[in-house]
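So you can see what is in the structure, the chains are spelled out below.
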Amino acid sequence: MPFFTSTLFSPRSISISEAVDLSAVLRACQAFSREVELEKLMAALLRDVSEFAGAEKCVLLMHQEDQWVIEGLAERGGVAVNRHSLSVDISQVVPISLVGAVSRTLQPIVHQNAVSYNSFSNDRYLLHHQPKNVLCAPLLNQGKLIAILYLENSRHLESFTCDRVEGLNLLFTHAAISLDHAILYQNLHATAAIGRAENVELKNTLAALKEQVRQVEFRAEVDFALTNGSTLQEVLKHCTDAMVQHLDAAFARIWTLNANENVLELQVSSGLYTHIDGDHARVPVGMFKIGWIAQERQPHLTNSVLDDPRVGDKDWARREGMVAFAGYPLLVEGRLVGVIAMFAYKKLNDSVLEALKLAATDVALGVVGKQTEEALYQSEAQLRQQTQELQQALQDLQKAQALMVQSEKMSALGNLMTGVAHEINNPVGFLAGNITPAMNYVEDLMGLIRLYQQKYSDAEIEDKISAIDLDYIGQDLPKLIGSMREGVSRIRGISTSLRSFARADCDRAVLHDLHEGIDSTLLILKHRLKGSETRPAIGVIKEYGQLPLVECFAGQLNQVFMNLLANAIEALEESNVNRTLADLIARPNQITIRTAVAADQQHVAIRIQDNGIGMSDEVKEKIFNHLFTTKAVGVGTGLGLAIARSIVVEKHAGTIEVNSVLGQGAEFVITLPIEAAGSERQEK
């Protein structure tokens, strides 16, 4: 939004923005306040204002003998202080119409392309020189017009930006005070020769001047604190420090209102007392002098603390030498936000009280601003926290969904395996139950045939016996039936393994033989372990220790073994790419499975190792992440190891780790407690 909506603006309606170099402004103001020689002050003023505003021309005018005269000029990098004072009417150095308007309204004027502005379109200076940007401002001290500054720039459009004008407002305020003091000092210095009697007045004036300078510095430090402090307490501490340094406060304090409890809470304390705990840390509104100031929303001022009925501890005041007290409510549009107060060792004059009153207004605005800023920061922090919680909840939901889908798949697979095993068991049981009687029958028949051979001899029968090689049948048929018995036994073993792998878990952990689960998983994966024309069989080395029965969810652990062994087989198949059959025979693929009881005798460890391609450190860091996979699109889902980790860590309170070096295989180490947490065995 543009700063000016017309050519007139009020300097009290703006605040210094963060874009302004406040430190440079404050240094210039302090330089003005230290200079009491008028000519040096005017030269410094013209130089600093021109530099800060980026003006090509800067003119200082003062009113003498009913007319405005030029006291100084800065142009083209040079500064000249004209003590002969040319009249504006004849100098043609500045536009007379702008100077007249500023002197009448006591308001600054800023305009881009001043010739186009109707009120000044007939000014001879503007018509002749046609500057692009002009700024004409009064220098006021307590409402009195001290001088007028005229600035122009014709090189750039919009030279006098809002930020620059904001900084200039502060410079103009301090310049007016310093000029007034310098003029006063010069006049006093000129009349010093009148007599020594006048020296007292001069000293008093100089003291007043120094007092005003201190107050200007006080206001400058308060303004700087309010615009540069990072936290509310830091801002308020700078303000109370400035009260002690520049207003001669014995100690100064600021309270802020806790509206929920209607209590004033002490935020900072400077000077004689710096602690913020104790009796005055929390003051109820309406109690003690601070609480009364808050309740009445009126300042409380006294230059006689010992006679003030609102000062409760007169002995303390007498002992510490307290003389004066001033306290102001911190109000923003009638709303109480706190209290600012100070004690002093000497009486407080009107100028000090006025400075403190103005500071109270600024501090109140600063408190509201910082509280709003901190509330916004807390809201943003809460929003970030909620966002993180939602993201975590979404990830947990995705994991739960994946686990649920996988569990459903495993449940369906288990039901299928159980059904297949059941259906196999019926004919297998029939075969197993009839093989032995069949063998007996065969033996009886063969005995009968041999008996016929011995008792009856017939050429046709002998020819038939010779044709079918009855002796061989007699020898091979028992072997054949024995092979059938072995086949039935293997089918029955496969059926048992299927039922073991697909066993359904109940709602609590049960005792289970981990070796049985591993073996049943290997049996199901046996077809992938077999050799082919391109590679020999994958060797499986089992180094089983003496494991006790482990309390666990057997079906879920079988799923973990299936994922790890299937991944090991895939890693070996991937490592076989570009390897010759001879190389594979010389360095065969193998999977090593080791089990043992841990050293603490409370856990068991299962190690599944392959000599495949291994993995990098980057892959190891992400290997258990949800949806992370190194497989091609459509091949891997990124759920297997994430689900395995969830089953081991979250369901069984165990651990699962991976050890791997790229090109040297990988080893997954699972650690499980022998007794499940909260189990009856563990409680006993």
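Scroll up to find the structure this text is about.
Throughout this description, residue numbers start from 1 for each chain and increase along the sequence as written. Reporting in this predicted model follows two pLDDT cut-offs: at least 70 for local features of residues, and 80 or more for side-chain atom pairs to be given and counted; totals over whole chains, interfaces and linings ignore these cut-offs and use all residues. As a convention, hydrogens and water are excluded, and side-chain values are obtained from all of the structure's heavy atoms.

(A) Summary view of the overall build of the chain. Numbering of helices and strands runs from the N terminus, with a helix taken as a DSSP run of H or I at least four residues long and a strand as a DSSP run of E at least two residues long. Looking only at helices and strands, one finds 20 helices and 19 strands in the chain. Think of it in three bands: residues with accessible area under 20% of the maximum for their type are buried, residues over 50% are exposed, and the middle band is partly exposed, with areas taken using a 1.4 Å probe on protein chains only. Counting the 684 residues in the chain, one finds 41% classified as buried. Any two residues having at least one pair of non-hydrogen atoms within 4.5 Å are treated as being in contact. Of all intrachain contacts in the chain linking residues separated by at least 6 positions in sequence, the fraction that spans at least 24 positions is 63%. Each accessible area is a Shrake-Rupley result for a 1.4 Å probe, and residues are judged covered by the shown protein chains and nothing else. Approximately 37,600 Å² of the chain is accessible, and the part contributed by carbon and sulfur atoms is 53%.

(B) Main features of the packing of helix α14 (residues 514-524) against helix α16 (residues 554-575). Inter-axis angles, ranging from 0 to 180 degrees, are taken between N-to-C directions of lines fitted to C-alpha atoms, where helices are fitted over the stretch in contact. Orientation of α14 relative to α16, taken along the N-to-C sense of each, is 45°, at an axis distance of 9 Å. The orientation of α14 relative to α16 falls into the category oblique. Considering only the axes of α14 and α16, their crossing is right-handed. On the side of α14, the interface is formed by Leu-514, Gly-517, Ile-518, Thr-521, Leu-522 and Ile-524, while α16 contributes Leu-557, Asn-558, Phe-561, Met-562 and Leu-565. Residue composition of the contact of α14 with α16, grouped by class: eight nonpolar, three polar and no charged. The scheme is simple: roughly parallel for angles under 35 degrees, roughly antiparallel for over 145, roughly perpendicular for 65 to 115, oblique for anything else. In a left-handed crossing the near helix is turned counterclockwise from the far helix by less than a right angle, and in a right-handed crossing that turn is clockwise. By the convention adopted, Pro, Cys, Tyr, Trp, Phe, Met, Ile, Leu, Val and Ala count as nonpolar, Lys, Arg, Asp and Glu as charged, and the other residues, Gly among them, as polar.

(C) Layout of the nonpolar core. Core analysis: the largest hydrophobic core is formed by 40 residues, its most contacted members being Leu-514, Ile-591, Val-604, Ile-606, Ile-608, Ile-670 and Leu-672. Sort the elements by how many residues they give to this core and α16 lands first, with nine residues. If near-sequence neighbours (up to four positions away) are discounted, Ile-608 is found in contact with Phe-561, Leu-564, Leu-565, Ile-591, Thr-592, Ile-593, Ala-666, Glu-667 and Phe-668. Definition of nonpolar core: a set of buried residues of the types Ala, Val, Leu, Ile, Met, Phe, Trp, Tyr and Cys, connected through side-chain atoms within 4.5 Å.

(D) Quick peek at a negative patch on the surface. Candidate patch residues must exceed 30% relative accessible area and have no salt bridge, after which like charges are joined if within 9 Å and Val, Leu, Ile, Met, Phe, Trp or Tyr side chains if within 5 Å. Should a side-chain nitrogen of Lys or Arg be within 4 Å of a carboxyl oxygen of Asp or Glu, the pair is scored as a salt bridge. The charge count treats Lys and Arg as positive and Asp and Glu as negative. His and the chain ends do not count. Note on charges: their place is set at NZ of Lys, CZ of Arg, CG of Asp or CD of Glu. Judged by side-chain charge, Asp-458, Glu-460, Glu-462 and Asp-463 come together as a negatively charged surface patch. Following the sequence through the fold, Glu-462 ends up in helix α12 (residues 459-468).

(E) Representation of the environment of Ser-178 in the model. Here Ser-178 is to be found in helix α6 (residues 162-190). Residues Ser-178 and Val-216, 38 residues apart in the sequence, show an inter-C-alpha distance of 10.0 Å. With residues up to four places along the chain from it excluded, the contact list for Ser-178 reads Phe-32, Ser-33 and Leu-41.

(F) Structural context of the sheet that holds strand β7 (residues 249-258). Taking strand neighbours across the sheet as the criterion, the six strands line up as β9-β8-β7-β12-β11-β10 in an open arrangement whose pairing is antiparallel. Since the sheet does not close on itself, it has two edges, and those belong to β9 (282-284) and β10 (300-302), each with one partner. Pairs of neighbouring strands in the sheet enclose a mean axial angle of 25°, with direction left out of account. A pair of strands counts as paired when DSSP detects no fewer than two bridges linking them. In this sheet, strand β8 (residues 263-271) lies alongside β7 in antiparallel orientation, the contact comprising eight bridges. Across the sheet, the residue bridging to Phe-251 is Gly-271, located in β8.

(G) Representation of the packing of aromatic side chains in the model. The aromatic pairing rule takes the rings of Phe, Tyr and Trp, using the six-membered ring of Trp, and pairs them if the centres are within 6.5 Å, calling planes under 30 degrees apart stacked, those over 60 edge-to-face and the rest tilted. Scanning the entire structure with this criterion turns up seven aromatic pairs. When the centroid spacing of 6.3 Å and the interplanar angle of 85° are considered together, the rings of Tyr-125 and Tyr-150 count as edge-to-face. In this pair, Tyr-125 is assigned in helix α5 (residues 124-129) and Tyr-150 in strand β6 (residues 144-153), connecting sequence segments 25 residues apart. The interplanar angle of 55° and the centroid separation of 4.8 Å between the aromatic rings of Phe-325 and Phe-343 together place this pair among those described as tilted. Here Phe-325, found in strand β11 (residues 324-332), pairs with Phe-343, found in strand β12 (residues 335-344); they are 18 residues apart in sequence, far enough to count as distant. Residue classification places Phe-343 among the buried residues on the basis of a relative accessible area of 4%. In this structure an aromatic cluster arises from ring pairing among Phe-251, Tyr-273, Trp-316, Phe-325 and Phe-343. Only when the NZ atom of a Lys or the CZ atom of an Arg is both within 6 Å of the ring centre and within 35 degrees of the ring normal do we say a charge sits over the ring. The ring of Phe-325 has Lys-289 sitting right over it, with the charged end atom 5.7 Å from the ring centre. If you follow Lys-651 out to its NZ or CZ, it ends over the ring of Phe-553, 4.8 Å from the centre.

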